[in-house]
Amino acid sequence: EAQVTQNPRYLITVTGKKLTVTCSQNMNHEYMSWYRQDPGLGLRQIYYSMNVEVTDKGDVPEGYKVSRKEKRNFPLILESPSPNQTSLYFCASSWEGPYNEQFFGPGTRLTVL
Amino acid sequence: SQQGEEDPQALSIQEGENATMNCSYKTSINNLQWYRQNSGRGLVHLILIRSNEREKHSGRLRVTLDTSKKSSSLLITASRAADTASYFCATDGVNAGGTSYGKLTFGQGTILTVHP
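In this text the structure is predicted, and so the values were computed from the model without any measurement. (Residues numbered from 1 in each chain as written. Chains lettered and ligands numbered in written order. Predicted model: local features only at pLDDT ≥ 70, side-chain atom pairs only at ≥ 80, totals over all residues. Heavy atoms only, no water.)

Turning next to the interface of chain B and chain A. Facing 24 residues of chain B, the contacting portion of chain A comprises 22 residues. Counting each side, the surface lost to burial between chain B and chain A is near 1700 Å², with a carbon and sulfur contribution of 52%. Of all residues in chain B, the largest losses of buried area upon contact with chain A belong to K103, L104 and F106 of chain B, amounting jointly to 27% of the total for that side. Inspection of the region where chain B meets chain A yields 1 salt bridge. The set of elements that each furnish at least two residues to the side of chain B that touches chain A consists of strand 4 (29–37), strand 5 (44–50), strand 9 (85–93) and strand 10 (105–106) of chain B. Among the elements that line the side of chain B that touches chain A, the one with the most residues is strand 4 of chain B, at 5 residues. Residues that form the side of chain B that touches chain A fall into these classes: 7 nonpolar, 13 polar and 4 charged. (Contact = heavy atoms within 4.5 Å. Buried area = accessible area lost by both parts, 1.4 Å probe. Salt bridge = Lys/Arg side-chain N within 4 Å of Asp/Glu carboxyl O. Helix = DSSP H or I, 4+ residues; strand = E, 2+ residues; numbered from the N terminus. Nonpolar A, V, L, I, M, F, W, Y, C, P; charged D, E, K, R; others polar.)

Before going further, it helps to examine the sheet that holds strand 7 (residues 65–66) of chain A. Residues and elements named next belong to chain A. Ordered by their spatial adjacency, 4 strands build an open sheet running 1-3-8-7, and the pairing between neighbours is antiparallel. Edge strands, defined here as strands with exactly one partner in the open sheet, are strand 1 (4–7) and strand 7. Taken together, the 2 bridges between strand 7 and strand 8 (residues 76–78) define a ladder with antiparallel strand orientation. Residue pairing across strands places K65 opposite I77, the latter belonging to strand 8. (Pairing = 2+ DSSP bridges.)

On to the state of the cysteines, then. Overall, the coordinates contain 2 disulfides over all chains when judged by the stated rule. Covalent S-S linkage joins C23 of chain A and C91 of chain A, the inter-sulfur distance amounting to 1.8 Å. The disulfide joining C23 of chain A to C91 of chain A has a torsion of about -70 degrees about its S-S bond and is therefore left-handed. Of this pair, C23 of chain A sits in strand 3 (residues 19–25) while C91 of chain A sits in strand 9 (residues 87–94), and the two are 68 residues apart along the sequence. Taking the relative accessible area as the measure of exposure, C91 of chain A reaches 0% and is therefore buried. The residue that forms a disulfide with C23 of chain B is C89 of chain B, at a sulfur-sulfur distance of 2.0 Å. One quick way to see it: the torsion about the S-S bond of C23 of chain B and C89 of chain B is about 70 degrees, and its sign makes the bridge right-handed. On the criterion of sequence distance, the pair formed by C23 of chain B in strand 3 (residues 19–24) and C89 of chain B in strand 9 is long-range, its members being 66 residues apart. The class for C23 of chain B is buried, based on a relative accessible area of 2%. A relative accessible area of 0% means that C89 of chain B is categorised as buried. (Disulfide = S-S within 2.5 Å. Buried < 20%, exposed > 50% of the residue type's maximum accessible area, 1.4 Å probe, protein only.)

It is worth spelling out the layout of surface pockets at this point. Of the volumes computed, that of the largest pocket is approximately 420 Å³. If you trace the largest pocket, you find 19 residues lining it, with Q37 of chain A together with S86, F88, Q108 and I111 of chain B closest to the centre. For the lining of the largest pocket, the secondary structure elements donating two or more residues are strand 4 (31–38) of chain A together with strand 9 and strand 11 (110–115) of chain B. Top contributing element to the lining of the largest pocket by residue count: strand 9 of chain B, with 3 residues. Split into classes, the residues belonging to the lining of the largest pocket amount to 5 nonpolar, 12 polar and 2 charged. Lining the second largest pocket are E101, Q102, F103, F104 and G105 of chain A together with N38, R41, G42, L43, V44 and H45 of chain B. Among the elements of the structure, strand 10 (103–104) of chain A together with strand 5 of chain B are those that each provide at least two residues to the lining of the second largest pocket. Among the residues forming the lining of the second largest pocket, the class breakdown is 4 nonpolar, 5 polar and 2 charged. (1 Å grid on protein atoms, 1.4 Å probe; cavity = no way out; pocket = protein on both sides within 12 Å on 5 of 7 lines; lining within 4 Å. Points joined across faces, edges and corners; volume = space filled by probe spheres on them.)

In C-alpha cells, the structure reads:
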C-alpha cells in the first residue's frame, strides 16, 4: 500500500531534550516536506527537500533540522525543543515538487513541557 | 511570503445544500490545490487546477480559478454529513520567470459542518 508513515504518532517531552520524528514514504517520491499545524494558523511549511541531499527552508524553519540521506526518509530533528514547538506535525511527499498532489502522513502530535 | 486565505473560516449548512469556499493568494502560481482534513488527521488531496485552467470538476466538486484576482473557489454540491471536515487551499508560488519557489503554502482553512 502506497503510504507515508510517521513515528511516533504522539510524543510528550520536556524542554531541551533532543528528539527526532521519522518520516518514510514507499512511493519513490522526490519531493518531501514537513509542516506544522496550529489552531488558527493552518499548515506552515518547515522544511522541504526536492531530492536526496537537497533540502531547503520553508516558512518556519527556526528550531528545526532535517536530513535527506535516502530518498524514502526525511526525519525532522528538534535539537532543543521548546514549548512553542508544541504542535501537530505532518510529513508529506509527492512526485517532483510542490506542484503535484501531496500525500500526507497521519501526523505526530508533539507536546513540549 | 505568499499566504492563502480561505473564506469563510467556518460554514454550517444542512445536508443537500451546496457549500462554497473561497481562497485568495498573493503571488503568481503554477497551480492551486484543495485538500480536505478530517479532525486532526492527515490531509487528503481533492483536486488540482493549473494556472491556465479556469474551471475543473471532480464528482460533486467544482473548482474555479481566477488568476487575475488571485482567487479560487471550491463548490461542493448536494453536501452530505460525511463532507464535514476542514478544507484547505494550497499554492506553489513561482518567480517572474515561472520557476517554482519549491514551497507549498496553505491557507488557514474553512471548517465545514453539514447537519443531517
